[in-house]
Amino acid sequence: LLETFGLSQLPDFTDYTYYLTWVLQIVFLIGCLYAAWLGAVSMVKLESDDTLLMIYAQPVWRCGIVISRLLCRATLLLIYQAVLFFLTQSLGGELVMDPSFGGGLLRVFASFYLVELLYLCIGALLSLFLGHVSHAAAAAFGLLLITVLFGIASMAVPGMSWMGLLSPYGAFPVSTLLVSQGEAVVYWVLAACCLFFSTLVCVRFHFKDMNV
């Protein structure tokens with residue numbers, strides 16, 4: 001019947017692992033957008049709601065403000081990923097009893113978290129160039145859209161495959177992580193990028209003229 005109507009080439013979503021891969025990719029995209037928004041709101045909100053007036057009344061260090069805000073938002077992302085992980089496990093049925101499935105799922109969400117941390121740090125850097133907190137949503141969506149377009153260009157343009165690493169899905173393909181370990185060097189590169197962008201946020205915030 002599927003062959004008759006030309007539907008035999010459609011993805012087989014009756015396979016839970018295949019279905020899970022597609023769903024997790026959508027969840028990952030939403031998580032990246034959420035992380036970028038958290039970052040884009042983080043610093044500009046201090047100026048928009050006059051919180052800096054109260055903070056500057058205390059003996060605080062500017063970089064300490066950045067670090068504390070990034071850590072708070074990184075904790076929110078961790079809670080978000082933990083809830084999704086346990087929810088996905090609870091819906092896994094008999095597959096949860098398979099240690100390899102549980103380990104693969106843990107690798108997937110750990111990789112998601114690391115990529116989302118990078119979006120958080122880049123979003124925080126963009127936040128320091130925004131004029132008002134109302135611009136944060138547009139900045140976060142723009143950041144996600146640009147990186148997704150990088151991934152599309154890497155597949156469509158010959159010789160531009162390296163741009164795939166700049167997209168959310170380029171570093172950690174979900175289907176691969178469910179069955180095998182990811183490349184260790186990619187984890188270290190992403191961690192180094194998070195440190196680099198968070199350092200840029202500290203430097204920019206330290207020398208920025210605040211509207212207080």
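These numbers were taken from a predicted model, which means no experiment stands behind them.

(A) View of the overall build of the protein chain. Within the protein chain, the regular secondary structure consists of seven helices and zero strands. Going residue by residue from the N terminus, the α and β elements of the protein chain occur as α-α-α-α-α-α-α. Within the span of the protein chain, comprising 212 residues, buried residues form 39% of the whole. The contacts in the protein chain between residues at least 6 apart in sequence include a share of 77% that link residues at least 24 apart. Within the structure as shown, the protein chain displays about 12100 Å² of accessible surface, and the carbon and sulfur contribution to it stands at 73%.

(B) Just the environment of Leu33, in detail. Position of Leu33 among the secondary structure elements: in helix H1 (residues 16–48). Distance in space between the C-alpha atoms of Leu33 and Leu144 is 6.2 Å, their sequence separation being 111 residues. The residues touching Leu33, leaving out its near neighbours within four places in the chain, are Ala140, Phe141 and Leu144.

(C) A look at helix H3 (residues 62–90). Under the 1.5 Å per step criterion, the end-to-end length of H3 is 43 Å for 29 residues, consistent within 8% with the ideal 42 Å. Residues of H3 that are buried include every one of Cys63, Ile65, Val66, Arg69, Leu70, Arg73, Ala74, Leu77, Gln81, Leu84, Phe85 and Thr88, and no others.

(D) Summary view of the nonpolar core. Leu24, Tyr119 and Leu190 are the most contacted members of the largest nonpolar core, which has 46 residues in total. For this core, the secondary structure elements donating two or more residues are H1, H3, helix H4 (99–127), helix H5 (136–156), helix H6 (174–177) and helix H7 (184–207). Ranked by residues supplied to this core, first place goes to H4 with 14 residues. With near-sequence residues (within four places) excluded, Leu190 lies in contact with Leu114, Val115, Leu118, Ala171 and Phe172. Grouped together as the second largest cluster of nonpolar side chains are six residues, Val41, Val44, Ala136 and Ala139 included.

(E) Region of the structure containing the side chain of Glu116. With respect to the helices and strands, the residue Glu116 is situated in helix H4. Salt bridges are absent for the buried Glu116, whose nearest opposite-charge side chain, Arg73, sits at 13 Å. With near-sequence residues (within four places) excluded, Glu116 lies in contact with Phe28, Gly31, Cys32, Ala35, Leu77, Tyr80 and Gln81.

(F) Representation of the environment of Gly151 within the structure. Positionally, Gly151 belongs in helix H5. Counting along the chain gives 19 residues from Gly151 to Gly170, while the straight-line C-alpha distance between them is 6.8 Å. Apart from residues lying up to four places away in sequence, Gly151 is in contact with Met163, Gly164 and Ser167.

Each value, and the rule that gives it
- Position numbers for residues count from 1 along each chain, tracking the sequence in the order it is written.
- pLDDT decides what is reported in this predicted model: residues at 70 or higher carry local features, side-chain atom pairs at 80 or more are listed and counted, and totals for whole chains, interfaces and linings draw on all residues regardless.
- Side-chain calculation: all heavy atoms of the structure are included, whereas hydrogens and water are not.
- Strands here are runs of E lasting at least two residues and helices are runs of H or I lasting at least four, both read from the DSSP assignment and numbered beginning at the N terminus.
- Think of it in three bands: residues with accessible area under 20% of the maximum for their type are buried, residues over 50% are exposed, and the middle band is partly exposed, with areas taken using a 1.4 Å probe on protein chains only.
- The contact rule is simple, with two residues in contact once any of their heavy atoms fall within 4.5 Å.
- In this description, accessible areas are obtained by the Shrake-Rupley approach with a 1.4 Å probe, and a residue is regarded as covered only by the protein chains that are shown.
- Helix span, as expected, comes to 1.5 Å for every residue beyond the first.
- We define a nonpolar core as any set of buried Ala, Val, Leu, Ile, Met, Phe, Trp, Tyr and Cys residues linked to one another through side-chain atoms lying within 4.5 Å.
- Positive charges are assigned to Lys and Arg, negative charges to Asp and Glu, while His and the chain termini are left out of the count.
- By definition, a salt bridge exists where a carboxyl oxygen of Asp or Glu is found within 4 Å of a side-chain nitrogen of Lys or Arg.

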